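Single-letter residue listing:
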Amino acid sequence: MYRILGIDLTAITGLEESTAQTILAEIGTDMSQWPSEKHFASWLGLAPHNDISGGKVLRSHPLNMPNRAAQALRLAAQALRRTQTALGGYYRRLGARKGPKPAITATAHKLARIVYHLLKHRDPYDPLSPEAYEQHLRQRELSLLKRKAARLGFTLLPQPTTTA
């Protein structure tokens, strides 16, 4: 597959050779038929579909579409649950908050965006380390706390460290 594509899809955590072959057999190698990764995820049936009435979102869920590539991505996402990677941490974080089914779909959506980017730009996959992912989450939480404190009229200061 590397000789055909010029990139290694199996470098993505969770994608084995058979999964990558299934995805390529379903979508092909030409990504020009989808203008963006959002269109690609929607075609796979992994993007949220909002039912809107009167400007209000009534339901938000992915459409049920029989697509073997999406099924393969969901299986790959489910396999990430026990891995000690950034994608595995993403799955576990969502699974704790929303449950296993939405976590599988969201992780499969993330995998679909990664696959689209690799096939579109032919860049090698550079995974985020678990430590970098945890640091990113910590920075997000800290900025959220600072915004909340500023809204309430407070200022957050780091606690001074004492050496004893």
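Residues numbered from 1 in each chain as written. Predicted model: local features only at pLDDT ≥ 70, side-chain atom pairs only at ≥ 80, totals over all residues. Heavy atoms only, no water.

A. Here's a closer look at the packing of aromatic side chains. One pass over the full model with this rule turns up 3 aromatic pairs. Relative to Trp43, the ring of Trp34 has its centre 5.0 Å away and its plane inclined at 55°; by these criteria the two rings are tilted. Judged by its relative accessible area of 6%, Trp34 is buried. Given the relative accessible area of 35%, Trp43 is considered partly exposed. In this arrangement the basic side chain of Lys110 is found over the ring face of Tyr90, its NZ or CZ atom lying 4.4 Å from the centre. (Phe/Tyr/Trp six-rings, centres within 6.5 Å; stacked < 30°, edge-to-face > 60°. Buried < 20%, exposed > 50% of the residue type's maximum accessible area, 1.4 Å probe, protein only. Lys NZ or Arg CZ within 6 Å of the ring centre and 35° of its normal.)

B. Quick look at the packing of helix α4 (residues 68–79) against helix α6 (residues 100–121). It is at 8 Å that the axes of α4 and α6 come closest, and there the two elements cross at 110°. The pairing of α4 with α6 is recorded here as roughly perpendicular in orientation. For α4 against α6, the interelement crossing comes out right-handed. Contact with α4, carried on its side by Leu73, Arg74, Ala76, Ala77 and Gln78, involves Ile104, Thr105, Thr107, Ala108, Leu111, Ala112 and Val115 of α6 and no other residues of that element. Classifying every residue of the contact of α4 with α6 by side-chain character gives 8 nonpolar, 3 polar and 1 charged. (Axes fitted to C-alpha atoms, helices over the stretch in contact; angles between N-to-C directions. Helix = DSSP H or I, 4+ residues; strand = E, 2+ residues; numbered from the N terminus. Parallel < 35°, antiparallel > 145°, perpendicular 65-115°, else oblique. Left-handed = near helix turned anticlockwise from the far one by under 90°. Contact = heavy atoms within 4.5 Å. Nonpolar A, V, L, I, M, F, W, Y, C, P; charged D, E, K, R; others polar.)

C. Inspection of unusual backbone geometry at higher detail. Notably, Arg122 is not glycine yet its phi reads approximately 55°, a positive angle. Structurally, Arg122 can be placed in the loop between α6 and α7 (130–151). The exposure class of Arg122 is partly exposed, given its relative accessible area of 36%.

Nothing here speaks to function; it is all geometry.
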